[in-house]
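Commentary on secondary and tertiary structure
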Amino acid sequence: GTGKEIDAMRIAICGTHGVGKTTLAKALSERLGLRMIDEVARTVIKSAGYQSTREYIEQADKSEKERIQMDIFELQRKRETDFAERGFVSDRSVFDAVAYAWEYEIDMRVVYNMLGRAISHALNEYDLLVYVPIMFGVEDDGFRDTKDYLRRCIDSLLCDFTCAYEKLGGRALRIKFESLEDRVKEVMEEVEYLAKLPL
């Protein structure tokens, strides 16, 4: 038989902050009729009592950051597992939580453990990982951190994680275009190709 039904595809979008992940996820969710998994990091950080990422980075100590990043990772994993049968478009991936944990200088044993679990989860649960590189400046939405250095570090890690995932047999797409219309087209072409592959 041919590949996976398009309306049951599991697509996760990764990339540093302010690259257009949410905009792309919303457009794909509508276009494909797939459930969208909203970014969980904001929910977890706000429920921990921080009003913004900047406040969280500056005020939380290492153990608090470790707990929060683990909570983000676990919630991301749970939502994706819960929606796996019916398909989804996820605004972020399990790899994003690992990249931020890495940059927030959490114990590397914890980070590597998360990364190993992220890779096995992604290989089981994603039909497609979409990596969105930096193509424009970040907009300050009052929540996200706008420091360029952090943004580039996260981008670099996610680029590496995407490569590792691909080397282990995962399917990834690197976004090449800046406009939303072109990005949707890029992903749609990949999704249609995947739907034709033998299972």
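Residues numbered from 1 in each chain as written. Predicted model: local features only at pLDDT ≥ 70, side-chain atom pairs only at ≥ 80, totals over all residues. Heavy atoms only, no water.

The subject of this paragraph is the sheet that holds strand β5 (residues 172-174). Within a sheet, adjacent strands bond to each other through the backbone by hydrogen bonds, running parallel or antiparallel. With parallel pairing, five strands are arranged side by side in an open sheet as β2-β3-β1-β4-β5. Each edge of the open sheet is held by one strand with a lone partner, namely β2 (35-37) and β5. Taken pair by pair, the neighbouring strands of this sheet meet at an average axis angle of 20°, ignoring direction. When strand β4 (residues 128-131) meets β5, the two strands line up parallel, connected through three bridges. Within β5, the position partnered with Leu129 by the bridge is Ala172. (Pairing = 2+ DSSP bridges. Helix = DSSP H or I, 4+ residues; strand = E, 2+ residues; numbered from the N terminus. Axes fitted to C-alpha atoms, helices over the stretch in contact; angles between N-to-C directions.)

According to the stated counting rule, one finds zero disulfides in the structure shown. You can see Cys153 has no disulfide; the closest cysteine sulfur is in Cys159, sitting 13 Å from it. Classification of Cys153 as buried rests on a relative accessible area of 15%. In this model Cys163 remains outside any disulfide bridge; the closest cysteine sulfur is found in Cys159, 5.0 Å from its own. Cys163 sits in the partly exposed class, given a relative accessible area of 27%. (Disulfide = S-S within 2.5 Å. Buried < 20%, exposed > 50% of the residue type's maximum accessible area, 1.4 Å probe, protein only.)

Between the first and last C-alpha of helix α8 (residues 180-196) there are 25 Å, a value that for 17 residues agrees with the 24 Å anticipated at 1.5 Å per step. Looking only at α8, the buried set comprises Arg183, Val184, Glu186, Val187, Met188, Glu190, Val191, Leu194 and Ala195. Those residues of α8 hidden inside the fold are in contact with β1 (10-14), α1 (21-32), β4 and β5. (Expected span 1.5 Å × (residues − 1). Contact = heavy atoms within 4.5 Å.)

In this section: the packing of aromatic side chains. The relation between two aromatic rings is expressed through the spacing of the ring centres and the mutual angle of the planes. Using the criterion set out here, one finds nine aromatic pairs in the structure. Both rings, one in Tyr50 and one in Tyr56, keep their centres 5.6 Å apart while their planes meet at 55°; by these two values the pair is tilted. One exposure class covers both Tyr50 and Tyr56, and it is buried. Arranged with centres 6.2 Å apart and planes meeting at 40°, the rings of Phe95 and Phe161 form a pair that is tilted. Remark: Phe161 occurs in helix α7 (residues 148-167) and Phe95 occurs in helix α5 (residues 94-103); sequence separation between them is 66 residues. Judged by relative accessible area, which is 1%, Phe95 ranks as buried. Members of the aromatic cluster, joined through ring pairs, are Phe88, Phe95, Trp102, Tyr112, Tyr126, Phe161 and Tyr165. (Phe/Tyr/Trp six-rings, centres within 6.5 Å; stacked < 30°, edge-to-face > 60°.)

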